[in-house]
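Spelled out from the first residue to the last, the chains are:
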Amino acid sequence: MCGIVGYIGHKDAYPILIKGLKRLEYRGYDSAGIALINGKTRTYKCKGKVSDLETFIANQDKSGNIGMGHTRWATHGEPNDVNAHPHISENGYFTVIHNGIIENYDTLKKELISNGYSFKSETDTEVLSNLIEYIFLSKKEITAEKAVRYALSKVIGAYGILVAAKDETNILIAARKGSPLVIGIGHNEYFFASDATPIVEHTKSVIYLDDGQMAIVERDNLMLKTIQNDVLKPEVTEIDINIESIEKDGYDHFMLKEIFEQPIAIKDTFRGRVSKRHQRIYLGGLHKVLPKINNAKRIIIIGCGTSWHAGLVGEYLLEEYARIPVEVEYASEFRYRNPIITEDDVVIAISQSGETADTLAAIKLAKEKGATVIGVCNVVGASIPRETHAGVYTHAGPEIGVASTKAFTAQVTVLTMMALMLGRERGNIDAKLYMEMITAMSNVPKNITKILEQSDLIKKIADKYKDASNFLYLGRGALFPVALEGALKLKEISYIHAEGYPAAEMKHGPIALIDEKMPVVVIATKDKSYEKVVTNIQEVKARKGVVIAIVTEGDQIIKNLANHVIEVPKGHDSIIPLLAVIPLQLISYYIAVARDCNVDQPRNLAKSVTVE
Ligand code: F6R
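Residues numbered from 1 in each chain as written. Predicted model: local features only at pLDDT ≥ 70, side-chain atom pairs only at ≥ 80, totals over all residues. Heavy atoms only, no water.

### Thoughts on the overall build of the chain
Helices and strands together make up the secondary structure of the chain, namely 20 helices and 27 strands. Each principal axis of the C-alpha distribution contributes one length, and for the chain these read about 80 × 55 × 45 Å. Contacts in the chain between residues at least 24 apart in sequence constitute 71% of all its contacts with a sequence separation of at least 6. (Helix = DSSP H or I, 4+ residues; strand = E, 2+ residues; numbered from the N terminus. Contact = heavy atoms within 4.5 Å.)

What follows is the structure, encoded as structure tokens:
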């Protein structure tokens, strides 16, 4: 939610900031703004995308070696020019950009109003800029740093902020609590951003700010402190992201690129973990907590959205092979319902971004209650992997399209590896079956490639049903969460209403919706529920519904029943979720394109939900 960038150095700040904002636009895209500092501060901001901001600034003075930029996902106040960031304090002393939410902004605002302040915008960020200024002006001989520190001690909520001060034009102040902030270290220059993607083309050396930390940064010096003013030694990390991975690389959209990257992404998830030669699956990141997992009375999986769907697939696999009871919960529900957790519980938190506020809060709650918490996360160095006791990175590479695709298959890959590794360790899988499963997993990338080769067929089907108002997705067992994921993908990027259901539940209600205008996507691969799903297809056909079936290659029975079939290669049941989701991702993508929707930046959404 919201992307922030900053620069202090000797180069022109503007090109660095505008490019950085484009990289971060997936985090929010309803308005954008930039402040450039060249002795004095000039601020430009407007409603719309970063490209609108670029047009707006085209003929303005863009000079300055220091600056900050913001791309917004509105929380307080509608998207408009005034609510866009940066926010300048009433008397012009402080310029602030902010990602997060100041929860007590209303109380602070009332106090400031009673002290003579007035407000132009409806944002919580303007409250912060005025609060810093009020403290600065009312205390004698105070530095900008001290004013920021005092102001932050009064703030309740989450923030990643950058602050510039009128009286100290050679510094930028960064602070973090709950919302991510990364600082890149160049040669006599520093870069700031909500994640590392705007920084990689300038430097690979970064400092990830931790909660409660602030950095006071000059061109050639960085001082790291706690908000309580204790000086800290910065921990410098080298980032491992290459520039190609954050470019579209000839694809029309990041989402399409990320769908097609899945064979490679899954290979990267396997790398060093699944070995046919050594007949072994091993997740080194879990080594120190393995005894805890093996003795766990229960595993609780938490996540949001697509990550929650991956967790549901994980539930089937972990129960089947590890034989440990599993519950899957929305992180946002779990954290607010005083859950019963004991030291015998293991919690698996799944998150692509590693920054989802509800998942982070749920992790903290589980830890407080004594559970062992494992993270399954894509973004290296994000808050969730740093908050958990142990974890497994998915290594799918940067995911920039707002609709999650390769992150989902990478998460399911990790959970599948986990289930098989535990199943073998706990004696539930014999050597022969284990080898069969390792082979099946190793074949997933090439089998996904075979499905991707059918993209022309899938596009034709998508074009035919692009004007439908509703879609139903059906699946059974571990394929039910895949149906949920298919429905979510369609909703979020094409704005068509869609629902996922366990196939057998259809007759308990949703069947009433079926008529000749209703496409029903049925995942009907050959497994132990196959016959039952065939019956479900017949039920849909009997009511004149349109059936698009995802079938095992060579299936003739369903070919004769369904309106369309998309084949997936044969494989062990445990890996079919990884295959069956691919056509669903492509259906959504092509429908959204045919409806002229903004695939990578769907309305109202943002990639990383750092608000609660
Ligand atoms: C859907 C989607 C979201 C995310 C959810 C959790 O395509 O991207 O539903 O899955 O916001 O995000 P992470 O995984 O970053 O915690």
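So, next bit.
### A short note on the pattern of salt bridges
Side-chain pairs of opposite charge can arise where the charged atoms are in close proximity. Under the criterion given, the structure shown has 27 salt bridges. For Glu201, the salt bridge goes to Lys19, with nearest N and O atoms at 2.7 Å. Taken together, the positions of Glu201 in the loop between strand E10 (190-193) and strand E11 (205-208) and Lys19 in helix H1 (residues 13-24) put the pair 182 residues apart, joining distant regions of the chain. The shortest N-O distance in the salt bridge between Lys489 and Glu492 comes to 3.2 Å. Taken as a pair, Lys489 and Glu492 lie in helix H17 (residues 480-494) at a separation of 3 residues, close to a single helical turn. For Lys489, a relative accessible area of 1% corresponds to the buried category. The exposure class of Glu492 is buried, given its relative accessible area of 15%. (Salt bridge = Lys/Arg side-chain N within 4 Å of Asp/Glu carboxyl O. Buried < 20%, exposed > 50% of the residue type's maximum accessible area, 1.4 Å probe, protein only.)

### Brief notes about the site of the ligand
Around the ligand sit 15 residues, and of these Ser307, Ser351, Ser353, Thr356 and Glu492 come closest. Put simply, the parts of the chain that give the shell around the ligand at least two residues each are helix H9 (305-322) and H17. (Near = heavy atom within 4 Å.)

### Concerning the packing of aromatic side chains
What the rule picks out here adds up to 8 aromatic pairs. Residues Phe94 and Phe136 carry aromatic rings whose centres are separated by 5.2 Å and whose planes lie at 85° to one another, so their mutual orientation is edge-to-face. Pair noted here: Phe94 is in strand E6 (residues 94-102) and Phe136 is in helix H4 (residues 124-138), with a separation of 42 residues, a long-range link. Both residues of the pair, Phe94 and Phe136, belong to the buried class. When the centroid spacing of 5.2 Å and the interplanar angle of 70° are considered together, the rings of Tyr589 and Tyr590 count as edge-to-face. The same class applies to Tyr589 and to Tyr590, which are both buried. Three or more aromatic residues joined by ring pairs form one cluster here, namely Tyr93, Phe94 and Phe136. Residue placement shows Lys166 over the ring face of Tyr93; its charged tip is 4.4 Å from the ring centre. One residue, Lys526, lies across the ring of Tyr530, its end atom 5.4 Å from the ring centre. (Phe/Tyr/Trp six-rings, centres within 6.5 Å; stacked < 30°, edge-to-face > 60°. Lys NZ or Arg CZ within 6 Å of the ring centre and 35° of its normal.)

### Here we look at the nonpolar core
Membership of the largest hydrophobic core comes to 95 residues, with the highest contact counts inside it found for Ile293, Ile348, Met418, Phe471 and Tyr473. The dominant element in this core, judged by the number of residues it contributes, is helix H20 (residues 576-594), at 13 residues. Looking at which domains feed residues into this core, each of domain 2 (248-450) and domain 3 (454-600) supplies at least three. Setting aside residues no more than four positions away along its own chain, Ile293 makes contact with Leu286, Ile299, Ile324, Val346, Ile374, Leu422 and Arg426. Within the second largest apolar cluster, 33 residues are counted, among which are Leu17, Leu36, Val50 and Ile57. (Core = buried A, V, L, I, M, F, W, Y, C linked by side-chain atoms within 4.5 Å. Domains from an automatic or database assignment.)

### With respect to the layout of surface pockets
Its volume calculated, the largest pocket comes out at about 930 Å³. Lining the largest pocket are 43 residues; nearest its centre among them are Asp240, Ile241, Asn378, Gly397 and Pro398. Where the lining of the largest pocket is concerned, the elements lending two or more residues are strand E15 (237-238) and helix H7 (262-270). The dominant element in the lining of the largest pocket, judged by the number of residues it contributes, is H7, at 3 residues. (1 Å grid on protein atoms, 1.4 Å probe; cavity = no way out; pocket = protein on both sides within 12 Å on 5 of 7 lines; lining within 4 Å. Points joined across faces, edges and corners; volume = space filled by probe spheres on them.)

### Focus on the pairing of strand E18 (residues 298-303)
The element E18 is extensively covered by neighbouring structure, given that 6 of its 6 residues are classed as buried. Residues Arg298, Ile300 and Ile302 line one face of E18 and the alternating positions Ile299, Ile301 and Gly303 line the opposite face, and both faces are buried. For the handedness criterion, the β-α-β arrangement of E18, H9 and strand E19 (residues 326-330) is classed as right-handed. (Right-handed = clockwise from strand over helix to strand, strands pointing away.)

### Things to note about the domain arrangement of the chain
One can read the domain layout of the chain as domain 1 (3-244), domain 2 (248-450) and domain 3 (454-600). The C-alpha centroid of domain 3 is placed 25 Å from the C-alpha centroid of domain 2. With 38 residues of domain 2 at the interface, the matching set in domain 3 holds 30 residues. Summed over both sides, the interface between domain 2 and domain 3 buries roughly 2800 Å², with carbon and sulfur atoms accounting for 70% of that surface. On the surface where domain 2 and domain 3 come into contact, there are 0 salt bridges. In terms of residue count, the dominant contributor to the side of domain 2 that touches domain 3 is H9 (9 residues). Of the residues in the side of domain 2 that touches domain 3, the class split is 22 nonpolar, 12 polar and 4 charged. (Buried area = accessible area lost by both parts, 1.4 Å probe. Nonpolar A, V, L, I, M, F, W, Y, C, P; charged D, E, K, R; others polar.)

### Looking at the pairing of E19
In this sheet, E19 lies alongside E18 in parallel orientation, the contact comprising 5 bridges. When the sheet's bridge partners are listed, Ile301 is paired in E19 with Val328. (Pairing = 2+ DSSP bridges.)

### A closer look at empty space enclosed by the protein
Within the structure shown, the criterion is met by 3 cavities of 30 Å³ or more. Space inside the largest cavity adds up to approximately 70 Å³. In this structure, the largest cavity is lined by 13 residues; those nearest its centre are Cys2, Trp73, Thr75, His85 and Gly100. Of all elements in the fold, only E6 and H4 reach the threshold of two or more residues within the lining of the largest cavity. Ranked by residues supplied to the lining of the largest cavity, first place goes to E6 with 3 residues. Residue composition of the lining of the largest cavity, grouped by class: 4 nonpolar, 7 polar and 2 charged. Approximately 60 Å³ is the volume found for the second largest cavity. Along its surface, the second largest cavity is lined by Val5, Gly6, Ile16, Leu17, Gly20, Phe191, Phe192, Ala193, Pro198, Ile199 and His202.

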